[in-house]
Amino acid sequence: MLEQVGHPGAVFLDTEVERAFFRGLFYSALYRAARHCLDGLATPEATADCAESFGAQEAGASGDFQQWYARLAAARKGPREEKVLLQSLNDLKSLGAPLLKELHDELGATIDTIDPARTTMTRRLAARLDTRPDHRLFLADALWESLSNLVLSERLYRASLEACEDPGIESGLAWRERDFAKMKQLLHAPALRGTSQLMLLEKLLTEKQLTAEEVARELEALVATSGDQWSFTLRGVEMLERARDYPRARALAEQWLEWNAQLDDLTRGVVLAKLAHLHALEGNPAHGWEVLTPALTTYQHEVLEQGALLLQALGDEKRALAMAEGVARRYPGPSSLALLAELHWRSGRHAEAAAALRASPMRRLLAKDWRRVGDRFAEVFGGKPVEEGLRAFNMLQEGGLHAAELEFLTSSVRTRGFWQLAFEMESRIQFPSEWARLQLDLRTHQSLARWKSRAEALEWLRPRVPPSLRGIQLATLAFENREDDLLWEYVQSDQEGERNVAYIWLLRAASSVRTRDDNPEHRRALEEYFQAERPGFYHQVGRYLLGLTSEEEVLALARQPDQQQELPFFLALKAQAEQRYEDAATWYAAAVEQGLFREGEYQWSLGQLRHWRAQGLSLAQLQKRGL
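Quick caveat, the model's predicted, so the values are computed rather than measured.

Before going further, it helps to examine the overall build of the protein. Check the secondary structure of the protein and you find 36 helices and 0 strands. Computed over C-alpha atoms, the radius of gyration of the protein comes to 28 Å, within 12% of the 25 Å expected from 2.2 N^0.38 for 627 residues, which places it in the range of a compact globule. With respect to the three principal axes, the spread of C-alpha positions in the protein is 80 × 75 × 50 Å. Counting the 627 residues in the protein, one finds 50% classified as buried. Nonlocal contacts in the protein, meaning residues at least 24 apart in sequence, comprise 58% of its contacts between residues at least 6 apart. Taken as a whole, the protein presents about 30600 Å² of accessible surface, with 50% of it coming from carbon and sulfur. Treating the 77 positive side-chain charges of the protein as one cloud and the 91 negative ones as another, the clouds have centres 2 Å apart.

This is the structure:
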């Protein structure tokens, strides 16, 4: 039909421009349909039907769109093929920014947080974008979310705001400056989109700038005007749920259901699942089951999972387990596996939980999937006697779970502050290598220090550090874990080679700068060591940290790839200590972009950037607060 569109003699809207306009409308419609099948319905049947409706693969824009959808659908079905998605950012030449961002985000959910491929995928996205305000915003989001590049993302956010004066961008920047007055002013800006209003409400509630009652009133008005989609209203419901205001959260969901009486069964199902969950949180699982029952025939994951949990809460263990096993067969993934394990743990069936995790067809889970299982473990056993959690953990260990898998479970327990349980679990994990064991022992001693005292933790650790690892290995781990005292008390460098001795002293200098160490013995030892002229690279970097040589001089020495990876980290560390946060963030980002992910400096730099990003603050605010 496009061949019939256009006026050849037109001055402003010639044939090609007019055809491009209608082609854009057509593919926008396809994009929305595809997104609905991928994200809204999210079932194998829906995605397969959608793919079939596109017909046979063709060349050009049509073929690129088909490949985009097929590859995303395959990624959602699993397992994700990182190389295919990464190559798609180059190969599918007809795609516009929204579709490219979808591929980038899917890769972000696939690639490990320390994988240098994150830099590659963001560079490839950037190469396909231009200076339009929305493109600037896409790239700013990618830099912020994937690489934690605070400097470039902040500049792009401000450049986007200058180009279009979007109150949504302005509200995000106001949040990072913690300008609560500005945030409240923007909350009712006529041009502000509903999702940005949700963000503002959530932040103001979190920071106690608005009460839950005030937020609930705002949400009711917002849902009335912008809440056509349940996904939008769900954010408001979960906002109140996190504030533990379950009655108002439930009232908002019920109000939305009343306003949207004519719903498809699938959407109604997920709403009822949320309502049932809220009833359970209010201590009324029987009413929750009554609400959920009409949605069970949709066989949606959320519905069946909630049904299994409610049945168990009501004491019907047999039906609860049967439903959870049905979920695992229909949706064989980490979420179903975590549900099944949780039901077994809650009923004391620790051997069955271990068997389910061992026999799962999804056995090769990603780190984040094991953490999901760990979250369920921590939720079940965190508030119970330690002995019960240990019985479950021992069964997992006897069931053949690898030491690394067990360690992921302990990280969730640590995160929630159950230090005694974390210590007891960690001290039972056996790694085959001394190096891996030492890494875990340092974390275990931190758990013991939080549970009891630092002195007891140090006494526990002392005999567990093999003499062969008390040099460069212990020094590196102590610095990484901010156990700065160990660098002086435990680390021995007399049996190390010259290069390793120099690196140990460099780490001591870096530790002193980082902590602003005022211990006179430490300062005297550093001055004595670094005043001597030695030719090595590490020695010169240490002299720079102590102010004995200039940045220009030490930059000239970094000629090897590993040196070019290491030096930016130490430059960043000194800049941070001197309150030069933009310089520090720039150097940390430069260390990450070198891509030598096995180097400690790569991981430490990325860790610092991710820590800063988690604060949700601008560089100016980070500097002001000294974080």
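After that view, the rundown keeps rolling.
Residues Phe21, Phe22 and Leu25 make up a contiguous nonpolar surface patch of about 310 Å² in total accessible area. When you line up the elements, Phe21 lands in helix H1 (residues 15-41). Residue classification places Phe21 among the exposed residues on the basis of a relative accessible area of 51%.

Any aromatic ring pair is given by two values, namely how distant the centres are and how the planes are angled relative to each other. By the definition in use, this model includes 23 aromatic pairs. Both rings, one in Trp345 and one in Phe381, keep their centres 6.1 Å apart while their planes meet at 70°; by these two values the pair is edge-to-face. With a gap of 36 residues between them, Trp345 in helix H19 (residues 334-346) and Phe381 in helix H21 (residues 367-381) connect regions that are remote in the sequence. Note on Phe381: relative accessible area 1%, which makes it buried. For the ring pair Phe537 and Tyr538, a centre distance of 5.9 Å and an interplane angle of 55° mean the geometry is tilted. Tyr538 carries the same exposure label as Phe537, and that label is buried.

When charged atoms on two side chains of opposite charge get close, those side chains can pair. Following the criterion strictly, the structure yields 36 salt bridges and no others. The salt bridge involving Arg346 is made with Glu342; its shortest N-O contact spans 2.8 Å. Taken together, the residues span about one helical turn, with Arg346 and Glu342 both in helix H19 at a distance of 4 residues. The exposure class assigned to Arg346 is partly exposed, which follows from its relative accessible area of 35%. The exposure class of Glu342 is buried, given its relative accessible area of 3%. Asp441 is paired through a salt bridge with Arg437; the nearest N and O atoms lie 2.6 Å apart. With Asp441 and Arg437 both in helix H25 (residues 434-451) and 4 residues apart, the pair spans about one turn of that helix.

Mapping Lys101 onto the fold places it in helix H5 (residues 97-110). The exposure class assigned to Lys101 is buried, which follows from its relative accessible area of 9%. In this view, Lys101 contacts Leu125, Phe138, Asp141, Ala142 and Glu145; residues no more than four positions away in its chain are not counted.

Analysis parameters
- Residues numbered from 1 in each chain as written.
- Predicted model: local features only at pLDDT ≥ 70, side-chain atom pairs only at ≥ 80, totals over all residues.
- Heavy atoms only, no water.
- Helix = DSSP H or I, 4+ residues; strand = E, 2+ residues; numbered from the N terminus.
- Rg over C-alpha atoms; globule rule 2.2 N^0.38 Å.
- Buried < 20%, exposed > 50% of the residue type's maximum accessible area, 1.4 Å probe, protein only.
- Contact = heavy atoms within 4.5 Å.
- Areas by Shrake-Rupley, 256 points an atom, 1.4 Å probe, with all protein chains shown as cover.
- Lys, Arg positive; Asp, Glu negative; His and termini not counted.
- Charge placed at Lys NZ, Arg CZ, Asp CG, Glu CD.
- Patch = residues over 30% accessible without salt bridge, like charges linked within 9 Å, V, L, I, M, F, W, Y side chains within 5 Å.
- Salt bridge = Lys/Arg side-chain N within 4 Å of Asp/Glu carboxyl O.
- Phe/Tyr/Trp six-rings, centres within 6.5 Å; stacked < 30°, edge-to-face > 60°.

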